[in-house]
Amino acid sequence: MKKSLLLAALVLSALPALAGDHPLKTPSGWFDMENCVFCRNLVSDPQLLPHCQWETLPTADGLAFVMAVQPEYAASLKKANAAMEAAGAKLHSGEMKMTDVKMCGFCTAYGELMMGGVQFETVRGDVTEVSFARSSDPKLVEKMHAIAKRNKDEMAILMGGVDPHAGHKH
């Protein structure tokens, strides 16, 4: 259950705010807000994503996922997290079969990290959450760095070739 909640938080951390007429899926399927069993919960409230900021950063031993949400959308985020946690619990228990659900490329890659033994830690503040994914295995660290780069590249595609952090103060 704890890992499912962490997955929910980390799915969120891969995405900066999606606002306007941006598509909800990249051509490669790395991000798929419409069809992914986890990510679709993030668009159930169409105002949630436009009021959040996220960034995925490589670290010496893995990744840091940084998320900030405007306080008035905290309840919506909590609801989305609960729905993603429930989906994770159903997959973990076998109630839902992996072969019967669609997951985007990011959620699939993240699940592989979980299964590969990556250690996770999340630190929560009032409006900010920082999650760390760490490993002493150089191959897993390399994989996490590739995920961080791909998140940035795919988000630029999703946002129409625009740096999703341009104009935002971090």
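Provided above is the structure to which this section pertains.
Calculation notes
- Residues numbered from 1 in each chain as written.
- Predicted model: local features only at pLDDT ≥ 70, side-chain atom pairs only at ≥ 80, totals over all residues.
- Heavy atoms only, no water.
- Helix = DSSP H or I, 4+ residues; strand = E, 2+ residues; numbered from the N terminus.
- Expected span 1.5 Å × (residues − 1).
- Buried < 20%, exposed > 50% of the residue type's maximum accessible area, 1.4 Å probe, protein only.
- Arc of directions from axis to C-beta.
- Contact = heavy atoms within 4.5 Å.
- Polar contact = N/O pair within 3.5 Å; in protein donor to acceptor, adjacent residues only side chain to side chain.
- Core = buried A, V, L, I, M, F, W, Y, C linked by side-chain atoms within 4.5 Å.
- Salt bridge = Lys/Arg side-chain N within 4 Å of Asp/Glu carboxyl O.
- Pairing = 2+ DSSP bridges.

So, about helix H4 (residues 138-158). Compared with an ideal rise of 1.5 Å per residue, which puts 21 residues at 30 Å, H4 spans 30 Å between its outermost C-alpha atoms and is within 8% of the ideal. All of the buried residues in H4 are Leu140, Val141, Met144, Ile147, Ala148, Asn151, Glu154, Met155 and Leu158. Within H4, the buried residues cover an arc of 155° as seen down the axis, which keeps them to one side. Residues of H4 that are exposed and point more than 90 degrees away from the buried face comprise Pro138, Lys139, Glu142, Lys149 and Lys152. Its buried side turned inward, H4 meets strand S1 (52-59), strand S2 (62-69), helix H3 (105-115) and strand S4 (128-134). The N-cap of H4, judged by a side-chain oxygen 2.8 Å from the amide nitrogen of lysine 139 a few residues on, is aspartate 137. At the exit of H4 stands glycine 160, carrying a positive phi of roughly 80°.

Before going further, it helps to examine the nonpolar core. Phe38, Met103, Phe106, Cys107 and Met144 are the most contacted members of the largest nonpolar core, which has 42 residues in total. Only S1, S2, helix H2 (74-93), H3 and H4 provide two or more residues apiece to this core. The element best represented in this core is H4, accounting for 7 residues.

Any two side chains of opposite charge can pair, given that their charged atoms come close. The tally for this structure, following the rule as stated, stands at 6 salt bridges. Among the ionic pairs, arginine 134 bridges to aspartate 61, the shortest N-O distance being 3.8 Å. In this pair, arginine 134 is assigned in strand S4 and aspartate 61 in the loop between S1 and S2, connecting sequence segments 73 residues apart. Classification of aspartate 61 by relative accessible area gives partly exposed; the value is 28%.

This part is about H2. Helix length check: H2, at 20 residues, gives a terminal C-alpha distance of 28 Å against a target of 28 Å (1.5 Å per residue), a fit within 8%. Of all the positions in H2, only Ser76, Leu77, Ala80, Asn81, Met84, Glu85, Ala87, Gly88 and Leu91 are classed as buried. A positive backbone phi angle near 90° is found at glycine 94, which sits one or two residues after H2.

With that settled, consider the pairing of S1. Examined bridge by bridge, S1 and S2 share 8 bridges and lie antiparallel to one another. Along S2, the bridge assignment pairs cysteine 52 with valine 69. Linking S1 back to S2 in an antiparallel pair, the connection comprises 2 residues.

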